[in-house]
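If you want the building blocks of each chain, they are given just below.
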Amino acid sequence: MRVINFNAGPAGLPLPALEQARDELLDFQKTGMSIMEHSHRGATYEAVHDEAIALLGELLGIPSTHTVVFVQGGASLQFGLIPMNFLPKGKSADYVVTGVWGEKAISEAKYLGEVSTAWAPADGKFVRVPKPDEIKWDPNAAYAHTTSNNTIYGTQFHTLPDPGAVPHICDMSSDFLWRPIDVSRFAFIYAGAQKNIGPSGVVVVVANKEFLAKRRTDIPKIFQYQTHVENNSLYNTPNTWGIYLCRNVLQLMKKQGGLKAMESKNQEKASLLYGALDRLNGFYKAPVEKASRSVMNIVFRLPSEGLEDKFVSEAKKANMIGLKGHRSAGGIRVSAYNAVSVEDIKALVSFMEVFSKANG
Ligand SMILES: *Cc1c(COP(=O)(O)O)cnc(C)c1O
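A few points on the structure.

Cut-offs applied
Residues numbered from 1 in each chain as written. Predicted model: local features only at pLDDT ≥ 70, side-chain atom pairs only at ≥ 80, totals over all residues. Heavy atoms only, no water. Helix = DSSP H or I, 4+ residues; strand = E, 2+ residues; numbered from the N terminus. Rg over C-alpha atoms; globule rule 2.2 N^0.38 Å. Buried < 20%, exposed > 50% of the residue type's maximum accessible area, 1.4 Å probe, protein only. Contact = heavy atoms within 4.5 Å. Areas by Shrake-Rupley, 256 points an atom, 1.4 Å probe, with all protein chains shown as cover. Lys, Arg positive; Asp, Glu negative; His and termini not counted. Charge placed at Lys NZ, Arg CZ, Asp CG, Glu CD. Expected span 1.5 Å × (residues − 1). Near = heavy atom within 4 Å. Polar contact = N/O pair within 3.5 Å; in protein donor to acceptor, adjacent residues only side chain to side chain. Nonpolar A, V, L, I, M, F, W, Y, C, P; charged D, E, K, R; others polar. Axes fitted to C-alpha atoms, helices over the stretch in contact; angles between N-to-C directions. Parallel < 35°, antiparallel > 145°, perpendicular 65-115°, else oblique. Left-handed = near helix turned anticlockwise from the far one by under 90°. Pairing = 2+ DSSP bridges. Core = buried A, V, L, I, M, F, W, Y, C linked by side-chain atoms within 4.5 Å. Bend = angle between axes of the 7 residues up to and from the residue.

**A look at the overall build of the protein**
For the protein, the count of helices and strands is 10 helices and 13 strands. For the protein, whose C-alpha radius of gyration is 21 Å, the value lies close to the compact-globule estimate of 21 Å for 360 residues. Considering the protein as a whole, with its 360 residues, one finds that 54% of them fall into the buried category. When contacts within the protein are restricted to residue pairs at least 6 apart in sequence, those whose partners lie at least 24 apart make up 68%. Carbon together with sulfur atoms contributes 53% to the accessible area of the protein, which is approximately 15,600 Å² in total. Averaging the locations of the 39 positively and 35 negatively charged side chains of the protein gives two centres separated by 3 Å.

**A closer look at helix α9 (residues 305-317)**
The terminal C-alpha atoms of α9 lie 19 Å apart, and with 13 residues this matches the ideal 18 Å at 1.5 Å per residue to within 8%. Looking at the buried side of α9, the elements it contacts are β11 (297-300), β12 (320-321), β13 (332-335) and α10 (342-359). After α9 finishes, the residue asparagine 319 shows a positive phi value of roughly 75 degrees.

**Describing the site of the ligand**
Close to the ligand lie 13 residues, the nearest being Ser76, Thr151, Asp171, Gln194 and Lys195. The side chain of glutamine 194 places a nitrogen or oxygen atom 2.9 Å from an oxygen atom of the ligand. The biggest single contributor to the shell around the ligand is helix α3 (residues 74-86), with 4 residues. By residue class, the composition of the shell around the ligand is 3 nonpolar, 8 polar and 2 charged.

**Quick word on the environment of phenylalanine 126**
The topology assignment puts phenylalanine 126 in the loop between β4 (114-119) and β5 (144-147). Assessed through its relative accessible area of 9%, phenylalanine 126 is described here as buried.

**A look at the packing of α3 against helix α4 (residues 100-109)**
Running from amino to carboxyl end, α3 crosses α4 at an angle of 40 degrees, the nearest separation of the two axes being 8 Å. Judged by the angle between their axes, α3 and α4 are oblique. Here α3 and α4 pass one another in a crossing that is right-handed. Contacts between α3 and α4 involve Ser76, Phe79, Gly80 and Pro83 from the first element and Trp101, Lys104, Ala105, Glu108 and Ala109 from the second. Split into classes, the residues belonging to the contact of α3 with α4 amount to 5 nonpolar, 2 polar and 2 charged.

**A short note on the sheet that holds strand β8 (residues 168-171)**
Where strands meet in a sheet, backbone hydrogen bonds hold them as pairs that are either parallel or antiparallel. On the basis of which strands lie adjacent, the open sheet formed by 7 strands has the order β2-β10-β9-β8-β5-β3-β4 and mixed pairing. Two strands lie at the open edges of the sheet, namely β2 (66-71) and β4, each paired on one side alone. Here the strands of the sheet are splayed against their neighbours by 20 degrees on average, with no regard to which way each runs. Here strand β3 (residues 92-96) pairs with β5 via 2 bridges, running parallel. Paired with tyrosine 95 across the two strands is histidine 145, which belongs to β5. Contacting β2, β3, β8, β9 (188-192) and β10 (203-208), α3 runs over the sheet at an angle of about 155 degrees to β9.

**Thoughts on the nonpolar core**
Counting 46 residues, the largest nonpolar core has Leu56, Leu60, Phe176, Leu177, Ile197, Val206 and Leu250 as the members making the most contacts within it. Of all the secondary-structure elements, those providing two or more residues to this core are α1 (15-24), α2 (43-60), β2, β4, β9, β10, α7 (240-255) and α8 (258-279). Looking at this core element by element, the count peaks at 8 residues for α2. Leave out the neighbours within four places in its chain, and leucine 56 touches Gly61, Ile62, Val68, Phe70, Phe176, Leu177, Val204 and Leu250. Counting 34 residues, the second-largest nonpolar core is a separate cluster that includes Leu273, Leu302, Phe351 and Phe355.

**A look at α3**
If you check α3, its first and last C-alpha atoms are 18 Å apart, about what 13 residues at 1.5 Å a residue would give, namely 18 Å. Of all the bends in α3, the largest measures some 30 degrees and sits at glycine 80, one to four residues before the proline proline 83. Where burial is concerned, most of α3 is hidden: 10 out of the 13 residues are buried. Among the residues making up α3, those that are buried are Ala75, Gln78, Phe79, Gly80, Leu81, Ile82, Pro83, Met84, Asn85 and Phe86.

Okay, structure coming up:
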């Protein structure tokens, strides 16, 4: 039996995408082998690869100024590769630090050049994202880096800040494809696949072609995004199985109505859950300021850590897993990515109601 999966990442994948992978596992389209066993230079794999790229283009409405690149090493490797490529000597890069991932991104960049914190919470508490006028942009920065959704703290930009003429780089790992976005606003978007798109080991980059081409060339070729652009993400062997699974998920997203449909489903889930938290707020406490509440990762506390442990273990008995907060933050975290259904959230809300009555 499948569990109701609220894992933060790797996260649950939509069942039809997994069933398709199961059905095709041993014999992909009558080729007598798995897609994993195909050469990445062969027509069979290339069709899958190109379809995944085309589906991303279609779902996001990617303009011709931008391109899709598949890279490896997780979002964390990009924390190092981005400044290697785009932070030249004599320039500084701006970072808006709204959580642990933003902290990691800026600290990796410090190894390579000048950085500036355009915003970080004065009290060190990540319970909100900044308002536009609180951010101190450097108009001469090489780029400005933001994190659209803070997976650990459950905060999210509902409108991403605008660094003006400075190229905007955004880590969208935990809310990529949750709704439509205007890709043209960004120089470079990146997202680890394991939250909303597929399995771990694949990173999707959507970036402006001119920005990519203006990279530093005094770094190894393999580290230059442009190398992967010029080779259609086939410079070396990509994660073929991972990209295949992403393709299945993207196909399904398209069939289900694309990103507009994802958005309305995700909004419905979030309003059910935050509605319950507000209704039961004598028992559950949501620490995030309302305007910064994440639609993807919903965090809350119970009256004691003992009750939080009990909540997690009783939820598990009710077939719901992945509810323990990140080890650095504690509490409860519900990750409600695209693959989580409205029914899953309704089941959780009923559980929360019963649990608060029994333990309140
Ligand atoms: C999960 C996550 C990362 C790290 O991803 P890895 O693939 O483990 O490197 C980075 N940024 C954000 C916003 C994340 O949610």
